[in-house]
Structure formats: C-alpha cells, structure tokens
Amino acid sequence: MSLEVWSTIVVLNLAHGNFAHGDFDPRRLRERFGAEIRRRGWDDAGTQYRGGRAGGSGSHGMVLERHIFEPGPPAEARVLTVAVETPGGRTTVGIPLG
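Structure report, in brief. (Residues numbered from 1 in each chain as written. Predicted model: local features only at pLDDT ≥ 70, side-chain atom pairs only at ≥ 80, totals over all residues. Heavy atoms only, no water.)

## Let's talk about the side chain of aspartate 43
Alright, step 1. With respect to the secondary-structure elements, aspartate 43 resides in strand β3 (residues 38-43).
Alright, step 2. A distance of 2.8 Å separates a polar side-chain atom of aspartate 43 from the backbone nitrogen of alanine 45.
Alright, step 3. Of note is the side chain of aspartate 43, whose polar atom sits 3.0 Å from the backbone nitrogen of threonine 47.
Alright, step 4. For aspartate 43, the contacting residues outside a window of four places in its chain are Tyr49, Pro73, Pro74, Ala77, Val79 and Leu80. (Helix = DSSP H or I, 4+ residues; strand = E, 2+ residues; numbered from the N terminus. Polar contact = N/O pair within 3.5 Å; in protein donor to acceptor, adjacent residues only side chain to side chain. Contact = heavy atoms within 4.5 Å.)

## Overview of the environment of threonine 47
Alright, step 1. One can find threonine 47 in the loop between β3 and β4 (48-59).
Alright, step 2. Linking threonine 47 and proline 71, residues 24 residues apart in sequence, is a C-alpha distance of 8.4 Å.
Alright, step 3. Filtering out sequence-adjacent residues up to four positions away, threonine 47 remains in contact with Gly41, Trp42, Pro71 and Pro74.

## A word on the pattern of salt bridges
Alright, step 1. Applying the stated criterion across every chain, the model contains 4 salt bridges.
Alright, step 2. When the shortest N-O distance is used, the salt bridge between arginine 38 and glutamate 85 registers 3.4 Å. Of this pair, arginine 38 sits in strand β3 while glutamate 85 is found in strand β6 (residues 79-86), placing the two residues 47 residues apart along the sequence.
Alright, step 3. The exposure class of glutamate 85 is buried, given its relative accessible area of 17%. (Salt bridge = Lys/Arg side-chain N within 4 Å of Asp/Glu carboxyl O. Buried < 20%, exposed > 50% of the residue type's maximum accessible area, 1.4 Å probe, protein only.)

## Describing the nonpolar core
Alright, step 1. In this structure, Val10, Leu12, Tyr49, Phe69, Ala77, Leu80, Val82, Ile95 and Leu97 together form the largest nonpolar core, which totals 9 residues.
Alright, step 2. Elements with a minimum of two residues in this core: β2 (10-16) and β6.
Alright, step 3. In this structure, leucine 12 is in contact with Met1, Ser2, Leu3, Glu65, Arg66, His67, Phe69, Val82 and Ile95, ignoring residues within four places of it in sequence. (Core = buried A, V, L, I, M, F, W, Y, C linked by side-chain atoms within 4.5 Å.)

## Let's talk about the side chain of arginine 39
Alright, step 1. Along the polypeptide, arginine 39 turns up in strand β3.
Alright, step 2. The side chain of arginine 39 is buried and forms no salt bridge, while glutamate 65, the nearest opposite charge, is found at 5.3 Å. (Lys, Arg positive; Asp, Glu negative; His and termini not counted.)

## Brief notes about the environment of serine 2
Alright, step 1. Relative to the assigned elements, serine 2 resides in strand β1 (residues 2-5).
Alright, step 2. A residue is classified by how much of its surface remains accessible, and serine 2, at 35% relative accessible area, is partly exposed.
Alright, step 3. Setting aside residues up to four positions removed in sequence, serine 2 forms contacts with Val11, Leu12 and Asn13.

Purely geometric stuff here, so don't read any function into it on its own.
Now the structure itself:
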C-alpha cells in the first residue's frame, strides 16, 4: 500500500500478490470496481473526501488497484480514514498522512 498526497487529490495504491498461476482471473477486477462499490474518506481535520475514480489491473500473480479521492487534505490533517462499502459489508482503515 502507498499513499500519494497531492494538493488537489489523494491517491491510494494497493497491491495484492502471491496468486499462483491460474488462481486469479484479472477479468474479476470488475467485481472490485462495480457501481455497487462505494469508496469514501474523511480525515481528523473534518475534511470529507469523494472517492469517485478507481482502476486496477492484474498480471503475473499481482493485482494492482488505484483509488483517487478528492479534495487534497489540509495541512493540519494527520490521518485519512478510508471506507469501502460493498453489498457484503464495510471495511474501514486509518492511514497516516505524514
């Protein structure tokens, strides 16, 4: 996982690995990026982030995801919390901004 912090956006990069040859079908990525998946975020300074753009790819046993949140964080923000909501539930994680 890596986090790119820009003045106007925040980019969350995720990598999943160790899929044996044939254990992961890259065509299944649409399940991770479908319209029913909602991504949002907020920080400890009170900023609300829209998670509208995402994409991914898979090859050679790796799945790479890129999630873009807007706006960029204010200077006083220290922790970005990201929530991913699916029909099966919600996952939340806090990520240090600096």
